Amino acid sequence: MKKIIKGFIFAIMAFLGSANIFASEKSEGAVERYAIYIGSNEGGNNKRLMYAGTDAASFQNIMSDIGGIRKSNSILLLDPEKDDVDNAMEYISELINKNKESAKRSEFVFYYSGHSDENALLLGKNFYDYSSLKATISNVPSDVHVVILDSCYSGNFIRTKGGLKQKPFLLDDSSVIKGHAYLSSSSSQEFSQESDEIGSSFFTNAMITGLRGAADSSGDKKVTLNELYSYAFSETLSKTENSSAGPQHPNYNITLVGSGDLVLSDISESDCILTLKKELTGRVIIRDKNGKLISEINKTSAGPVYLAMEEGSYGVTVIAETITLQGTFKLTAGNNFVLSADKLSPVLRKSNALRGEDSEDSALANDSEEIVSEEDIILRPVTFSFFNSEFFRREGKKLKTNLSFGILGSETYETDGAMFAFGGNWSEIVNGVQAAYVFNSVHEIKGAQGAGIFNYADEVLGAQGAGILNIAGNVKYAQGAGIVNVAKEKVTGAQGSGVFNYAGNVEGVQGTCVGNISKDNVRGAQGAMVLNVAGKKVDGFQGSMVFNYAGSVHGVQAGLVNVCTGDVDGLQLGLVNFSKNGIFEIGQSFTTENEVRVTLNSGKKYLYSVVGLAASWDKCDDDTPEEEQYATIILGLGTRLEVWRFNFDFEVLANDLLSKDENSNHEDDDLKSTWYPSLRTSVGFSPVKHLQFFAGAMMSFEVEENDEAFEMRKNTTVIHTSDSHVKLHPEFDFGVRFQL
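Cut-off values and rules
Residues numbered from 1 in each chain as written. Predicted model: local features only at pLDDT ≥ 70, side-chain atom pairs only at ≥ 80, totals over all residues. Heavy atoms only, no water. Helix = DSSP H or I, 4+ residues; strand = E, 2+ residues; numbered from the N terminus. Buried < 20%, exposed > 50% of the residue type's maximum accessible area, 1.4 Å probe, protein only. Contact = heavy atoms within 4.5 Å. Areas by Shrake-Rupley, 256 points an atom, 1.4 Å probe, with all protein chains shown as cover. Salt bridge = Lys/Arg side-chain N within 4 Å of Asp/Glu carboxyl O. Pairing = 2+ DSSP bridges. Axes fitted to C-alpha atoms, helices over the stretch in contact; angles between N-to-C directions. Expected span 1.5 Å × (residues − 1). Patch = residues over 30% accessible without salt bridge, like charges linked within 9 Å, V, L, I, M, F, W, Y side chains within 5 Å. Core = buried A, V, L, I, M, F, W, Y, C linked by side-chain atoms within 4.5 Å. Phe/Tyr/Trp six-rings, centres within 6.5 Å; stacked < 30°, edge-to-face > 60°. Parallel < 35°, antiparallel > 145°, perpendicular 65-115°, else oblique. Left-handed = near helix turned anticlockwise from the far one by under 90°. Nonpolar A, V, L, I, M, F, W, Y, C, P; charged D, E, K, R; others polar. pLDDT = per-residue confidence, 0-100. Polar contact = N/O pair within 3.5 Å; in protein donor to acceptor, adjacent residues only side chain to side chain.

1. Structural notes on the overall build of the protein
- Along the backbone of the protein there are nine helices and 51 strands.
- Within the protein, the fraction of its 740 residues that count as buried is 49%.
- For the protein, the proportion of contacts with a sequence separation of at least 24, taken over those separated by at least 6, is 46%.
- For the protein, the computed accessible surface area is about 34900 Å², with 55% contributed by carbon and sulfur atoms.

2. Comments concerning the pattern of salt bridges
- By the definition in use, this model includes 16 salt bridges.
- In this structure, Arg-680 engages Glu-651 in a salt bridge whose closest nitrogen and oxygen atoms are separated by 3.3 Å. Within this pair, whereas Arg-680 is found in strand E48 (residues 671–688), its partner Glu-651 is found in strand E47 (residues 646–660), the two being separated by 29 residues in sequence. When sorted by exposure, Arg-680 lands in the same class as Glu-651, which is buried.
- Look at the salt bridges and you will find they share partners, linking Glu-585, Arg-640, Asp-649 and Arg-737 into a network.

3. Some remarks on the sheet that holds strand E20 (residues 345–346)
- Taken in spatial order, the five strands make up an open sheet running E15-E14-E17-E18-E20, and their pairing is antiparallel. Two strands close off the open sheet at either side, each with one partner strand: strand E15 (293–299) and E20.
- Alignment of strand E14 (residues 282–288) against E15, held across six bridges, turns out to be antiparallel. Each bridged residue has a counterpart across the sheet, and for Arg-283 the counterpart in E15 is Asn-298.

4. Digging into the sheet that holds strand E19 (residues 336–339)
- With mixed pairing, the three strands of this open sheet are ordered in space as E16-E13-E19. Only two strands of the sheet have a single neighbouring strand rather than two, namely strand E16 (305–309) and E19. Put simply, the sheet's adjacent strands are angled 25° from each other on average, direction ignored.
- Alignment of strand E13 (residues 272–276) against E16, held across five bridges, turns out to be antiparallel. The partner of Ile-273 across the bridge, within E16, is Ala-308.

5. Side note on unusual backbone geometry
- Its identity is not glycine, yet Trp-644 carries a phi of approximately 55°, on the positive side.
- Take Trp-644: it is sitting in the loop between strand E46 (630–643) and E47.
- If you check the backbone angles, His-690 has positive phi at about 75° while not being a glycine.
- The residue His-690 is located in the loop between E48 and strand E49 (691–702) in this model.

6. A closer look at helix H3 (residues 82–99)
- Between its first and last C-alpha atoms H3 spans 26 Å; for 18 residues at 1.5 Å apiece the expected length is 26 Å, and the two agree.
- Residues of H3 that are buried: Val-85, Asp-86, Ala-88, Met-89, Ile-92, Ser-93, Leu-95, Ile-96 and Asn-99.
- Close packing links the buried residues of H3 with strand E1 (31–40), strand E2 (74–78), strand E3 (105–116), strand E4 (120–123), strand E5 (126–129) and helix H4 (130–138).

7. A few points about a nonpolar patch on the surface
- A surface patch of nonpolar side chains, amounting to about 850 Å² of accessible area, comprises Ile-453, Ile-468, Ile-483, Val-499, Val-514, Met-529, Val-530, Met-545, Val-546, Leu-560 and Leu-575.
- Among the secondary structure elements, Ile-453 is positioned in the loop between strand E27 (448–451) and strand E28 (454–460).

8. Thoughts on the pairing of strand E29 (residues 463–466)
- Residues Gln-464 and Ala-466 point to one face of E29 and are all buried, whereas Ala-463 and Gly-465, pointing to the other face, are not buried.
- Examined bridge by bridge, E27 and E29 share four bridges and lie parallel to one another. From the neighbouring strand, Gln-449 faces E29, where its bridge partner is Gln-464.

9. Quick word on the nonpolar core
- Counting 52 residues, the largest nonpolar core has Phe-59, Leu-274, Leu-276, Ile-286 and Leu-307 as its most contacted members.
- Considering each element in turn, this core owes the most residues, six residues, to helix H5 (residues 202–214).
- Once residues within four sequence positions are removed from consideration, Ile-286 is found in contact with Leu-274, Lys-292, Leu-293, Ile-294, Ser-295, Leu-307, Met-309, Tyr-314, Gly-315, Val-316 and Phe-329.
- In this structure, Ile-92, Phe-108, Leu-121 and Ile-137 belong to the second largest nonpolar core, which totals 24 residues.

10. What about the packing of aromatic side chains?
- As enumerated under the stated definition, the model contains nine aromatic pairs in all.
- Where Tyr-314 meets Phe-329, the ring centres are 5.5 Å apart and the plane angle is 20°; that geometry is what we call stacked. Within this pair, whereas Tyr-314 is found in strand E17 (residues 312–319), its partner Phe-329 is found in strand E18 (residues 324–331), the two being separated by 15 residues in sequence.
- Look at Phe-329 and you get buried, because its relative accessible area is 4%.
- Centre to centre, the rings of Tyr-676 and Phe-710 are 5.0 Å apart; their planes meet at 55°, and the pair counts as tilted. Of this pair, Tyr-676 sits in strand E48 while Phe-710 sits in helix H9 (residues 707–713); the two residues are 34 residues apart in sequence, bridging distant segments of the chain.

11. Some points on the packing of H5 against helix H6 (residues 225–240)
- Closest axis-to-axis distance for the H5/H6 pair is 9 Å, and the angle between their directions is 135°. Taken together, the axes of H5 and H6 lie oblique to each other. As H5 runs across H6, the sense of the crossing is right-handed. In contact with Phe-202, Phe-203, Asn-205, Ala-206, Met-207, Thr-209, Gly-210, Leu-211 and Ala-214 of H5, H6 contributes Leu-228, Tyr-231, Ala-232, Glu-235, Thr-236, Lys-239 and Thr-240.
- Of the residues contributing to the contact of H5 with H6, the split by class is nine nonpolar, five polar and two charged.

12. Focus on the confidence of the model for the protein
- For the protein, mean pLDDT is 77; residues scoring 70 or higher make up 71% of the total.
- Highest mean pLDDT in the protein belongs to E49 (96); lowest belongs to helix H7 (residues 359–368) (36).
- Scored below 50 in pLDDT, residues 13–28 shows 16 contacts in the model against residues more than four places distant or in partner chains.
- Note on residues 388–396: pLDDT is under 50 here. Beyond four places in sequence and across chains, it has 15 contacts.

13. As for the side chain of Arg-737
- Within the fold, Arg-737 resides in strand E51 (residues 727–739).
- Within the local environment of Arg-737, its side chain forms a polar contact with the side chain of Gln-692, the two groups lying 2.4 Å apart.

14. Regarding the packing of helix H2 (residues 52–66) against H5
- As a packed pair, H2 and H5 sit with axes 10 Å apart at the nearest point and diverge in direction by 15°. Overall, the two elements H2 and H5 adopt an arrangement that is roughly parallel. In this structure, the crossing between H2 and H5 has a hand that is left-handed. Across the interface between the two elements, Asp-55, Ser-58, Phe-59, Ile-62, Met-63 and Ile-66 of H2 pack against Thr-204, Met-207, Ile-208, Leu-211 and Arg-212 of H5.
- Grouping the amino acids of the contact of H2 with H5 by side-chain chemistry returns seven nonpolar, two polar and two charged.

15. Some details on the pairing of strand E38 (residues 531–544)
- Here strand E36 (residues 515–518) runs beside E38; their pairing, made up of four bridges, is parallel. Within the sheet, the bridge partner assigned to Ser-518 lies in E38 and is Ala-534.
- Relative to E38, strand E37 (residues 521–528) runs parallel, the two sharing eight bridges. The residue of E38 that forms the bridge with Ala-528 is Ser-544.
- Where E38 and strand E39 (residues 547–558) come together, eleven bridges link them in parallel fashion. Opposite Asn-532, over in E39, you have Asn-548 as the bridge partner.

16. Description of H2
- Taking 1.5 Å per residue as the helical rise, H2 with its 15 residues ought to reach 21 Å, and the 21 Å between its terminal C-alpha atoms agrees with that figure.
- Of the positions making up H2, those classed as buried are Ala-52, Gly-53, Asp-55, Ala-56, Phe-59, Gln-60, Ile-62, Met-63 and Ile-66.

In structure tokens:
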């Protein structure tokens, strides 16, 4: 019995010690940055803008990712009134004053996208005149003010009496600087323009593209204000000089005093970096998988270009002087993807007649347009061969077919019907069914893919099934395998396996008999018999019979052991629960019934679990007869109310008293189990962090079925109720808790 007690206590202490690996100390930064981002589509009687709000949100995201401005230090305002802007200024000012002691320098960024006229910003039906706005921004107690205005006539804001245009620069956290930097999207007499094609204003799109790394002319993976302004000026002017509204000229006014370069963005801070090789030249156009323009860069051979991007799938077009290249690529967290010409394919250039030209001039234009496609497309309604792929691969052809049969291999550019192979299949696009006994591999599936052993697909829009393994870039409906599923980026639907699942993102259901792993976010449900791991966030339900792990939880995490290294916004249900914003504490107390109790409380304050052990401290020595020795396992749920340094707990407990079974005929020490319920309330006081003293009162319930437990405990105090079959046993305990 002593071994049981000591082993249980040591197990709890060992787990508590190992849990320290999840604790981290916050380090103080040398520079604290703050920001207000405003997007105002409404502007009085002016035409409603389409992209001011999304531009402000995009600017916040890029500055949060690689601009050093935490979202907790920033405010996003969409279609605000003047009072909303003033309130935001006051809040940021209070935040800067609060953190001033711990920061070497503070910097404030004010971004506005919306309507304006020659004298003021137009916030709905309100006006915020430039002089008042400038005074309000100047009152923000930061060392540096960076103001970016993307609106018509915004050049009037920077025309201040006594102001001088100086060479713009920002500085890193090792430099010293004070002053302001004002950037405007247009001059004092020009319109600022937005575009449906890029889904943004020209100026903000150029700014964001430049911050991603396109403006990094030095190649040091850092973008300074000088580099950013030069890039934004050039790009904005080039894209608007032929527009009906006329060319748009960004302006600046800098009055910064100091030395060094204050960096606006650091590309190396991004989780995903795209490197455009030095040899890759031309107009590089990058779009996401939905076709939205992400970046458009004039790439020269001066050196490589590094771009900070988000994780995902992209398409790229490179328009060079004599050739146009296209291709796709994927970015994954923690990886630097290098894009070179050999990873792209040449495409046909379209010859378009220009309006207003006569037929002879158009013919000359068409004759001068060079067609640079290196691959012809072979059209075959039905193909059948032993080696479909070999001939066309040698000839550099692409085969488009409706139905393809192959014995050892089958390769096409696009299949609109079905592909069958004994050895394996490969196709760029499948618009129907692809099946193989051994192997399948396609760029995109819009139907179903099945194999006896292995499947691979860059994107699945239907169902994918295999006897052993599935791998897919995106799964939007269902993926199933006898043993293993792997979807490196996203599962939107269901992923199920007999043994194991792995997915980058899950936005539906991920389930297996053994274990689930998702390195990124889980949105929906993740369930396994043994193990669940979600690297970043669970937004829904994560349940396992044994162990759950997540970066943060917004929902429910249920298992024997639940670990969340971040915050839990929801519930943790299990014997042992750990989270950054929850309870995790071990306590020891002595009761008035001569028992010593060791308990572990873990979980959320409004619902935590209790697991522990109790034993009579005067009956644990070797002189006590074995038939009088016992130990009680404690399991229960509790809730806590905190007031200043005091906490008030209420717990519902189930107690299992283990003692020697005297009626056993075996020579081994068989144990007898007797359950009884208890209610417990306690008051705790924390004089210092991580330490708490407490006193509690507990009421245990005795009925005929568990009276042996109380005979073994020899409770001295008994309260008889009106029901002769129920007795109450009160007791008190006093102890100390250590909190993680």
